[in-house]
Amino acid sequence: MARAWNRTDFDGAWKEALERYLRPFLALCFPKVEAGIDWRHPVEFVDKELPALRSSSGKGSAAGRKYVDKLIKVHRTSGEVQRVLVHVEIQTQPDPDLPGRLYQYHRRLSEVRGLPVVTLAVLADTQPGCVAKPFAWELWDCWIQFGYATCKLSALDEAVLQEEGSAIGRFILAHRAAQRTVRDPRARLRLKRALIEEACGHHGFSDEEIRELLSLVDKLTRLPEKEEQELMAELEKRQRRNVMTYITSFERHGLRKGMRKGLRQGLRQGLRQGLRQGRQEGRQEGRQEGRVVALRELVREALEARFGVVSPEDGDRIESECDPEVLRRWHRRAITVSSTDQVWM
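None of these values were measured; they are calculated from a predicted model. (Residues numbered from 1 in each chain as written. Predicted model: local features only at pLDDT ≥ 70, side-chain atom pairs only at ≥ 80, totals over all residues. Heavy atoms only, no water.)

Novice: I would appreciate a short explanation of unusual backbone geometry in the present structure.
Specialist: For residues besides glycine, phi is generally negative; the peptide bonds are generally trans as well. Despite not being glycine, W140 has its phi angle at roughly 55°, a positive value. Among the secondary structure elements, W140 is positioned in the loop between β5 (135-139) and β6 (142-146). Note on W140: relative accessible area 77%, which makes it exposed. (Helix = DSSP H or I, 4+ residues; strand = E, 2+ residues; numbered from the N terminus. Buried < 20%, exposed > 50% of the residue type's maximum accessible area, 1.4 Å probe, protein only.)

Novice: It is not clear to me how the pattern of salt bridges should be interpreted in this structure. Could you clarify?
Specialist: Where charged atoms of side chains with opposite charge meet at close range, the side chains can pair. For the structure on display, the rule yields 17 salt bridges. The residue K70 makes a salt bridge to E19 at a minimum N-O spacing of 2.6 Å. Taken together, the residues K70 in strand β2 (residues 67-75) and E19 in helix α1 (residues 10-20) connect sequence positions 51 residues apart. A salt bridge links D95 to R101, with the shortest nitrogen-to-oxygen separation between them at 2.8 Å. Classification of D95 as partly exposed rests on a relative accessible area of 23%. Of the residues examined, R101 reaches a relative accessible area of 4% and is grouped as buried. Each of E16, R20 and K219 takes part in one network of salt bridges that share partners. (Salt bridge = Lys/Arg side-chain N within 4 Å of Asp/Glu carboxyl O.)

Novice: Quick question: what am I supposed to make of the packing of aromatic side chains here?
Specialist: Aromatic ring pairs are reported here in terms of the distance separating the ring centres and the angle at which the planes meet. This structure, assessed with the given rule, holds seven aromatic pairs. Ring centres of Y103 and F135 lie 4.7 Å apart, and the angle between their planes is 10°; on these two criteria the pair is classed as stacked. Taken together, the residues span a long stretch of sequence, with Y103 in helix α5 (residues 98-113) and F135 in strand β5 at a distance of 32 residues. The exposure classification of Y103 matches that of F135, with both residues buried. Between W330 and W344, the aromatic rings sit 4.8 Å apart at their centres with planes inclined by 90°, giving edge-to-face as the arrangement. One end of the pair, W330, is in helix α14 (residues 324-334); the other, W344, is in the segment after α14, and 14 residues separate them in sequence. Each of the two residues, W330 as well as W344, counts as buried. Here a set of aromatic residues connected by ring pairs shows up, and it is made of W14, F25, F30 and F171. (Phe/Tyr/Trp six-rings, centres within 6.5 Å; stacked < 30°, edge-to-face > 60°.)

Here you go:
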């Protein structure tokens, strides 16, 4: 059984990346499609229709799948107002069933929705010689042939992926890094550190874009606990020198520490409450208090990392707040705003 650290969440990361970076993704991988979409109209993700299509085409559930698919409704740039369905499939492992499956989806989407359908396949595997072929069927003098657009990620020029301002390019580099280091945590640590440092160099990215990109990089490049702690220790030192201030892994590490401390305190307080109000109420109170203590710890750590020492007034404000939603809001602000005064607004 694979260890938890190298169970890469390609599915979740790619789905999120396509929703965030759809246009630059298409411009990089399928430029003709990107040029044919009228971006003045909002795009609509209609993925909920895909499970029903999988069932009706006999492909079964999503369990065990090695691909990610997205269904997007767009408008064409041609003079007429026409909507088009774009079916994107990300194939992370070679699959001989790919051509037939894409043909079935294309046919069913056309039948059910009555709209033109464009099918795009992203070959995201690690085998350079693995290419997609058209779907072909023939019997006697009857035949079908179905072609679709493809993009082989391993064939993309690394210099293009590293261009300034290309978040999707850096996401694809993180995808490659995750595949190359699936059995080598030390190599993954080095690559993840390099990806974080490069992204935080502000190569044409806003602060919000950096946070979004690092969140996706983190999903693709999970580390074992030992390497994760090593990376976090280094990033904490860098944060004190104000080199990097938007590290999602650091936030997750702080959450774990805060939750451990909060759960211990929450358990003690919950047990005391339980003596008076019963075991069930005590457990509920303990869990709630544990969450509050953990969130207070997160706010403190974020303030210390960004602005140095927490003032006594701010410390009292944090300790007196018992609303988890308020504490979460303070934590989000603490890692984004430019002064402590803005945290409490």
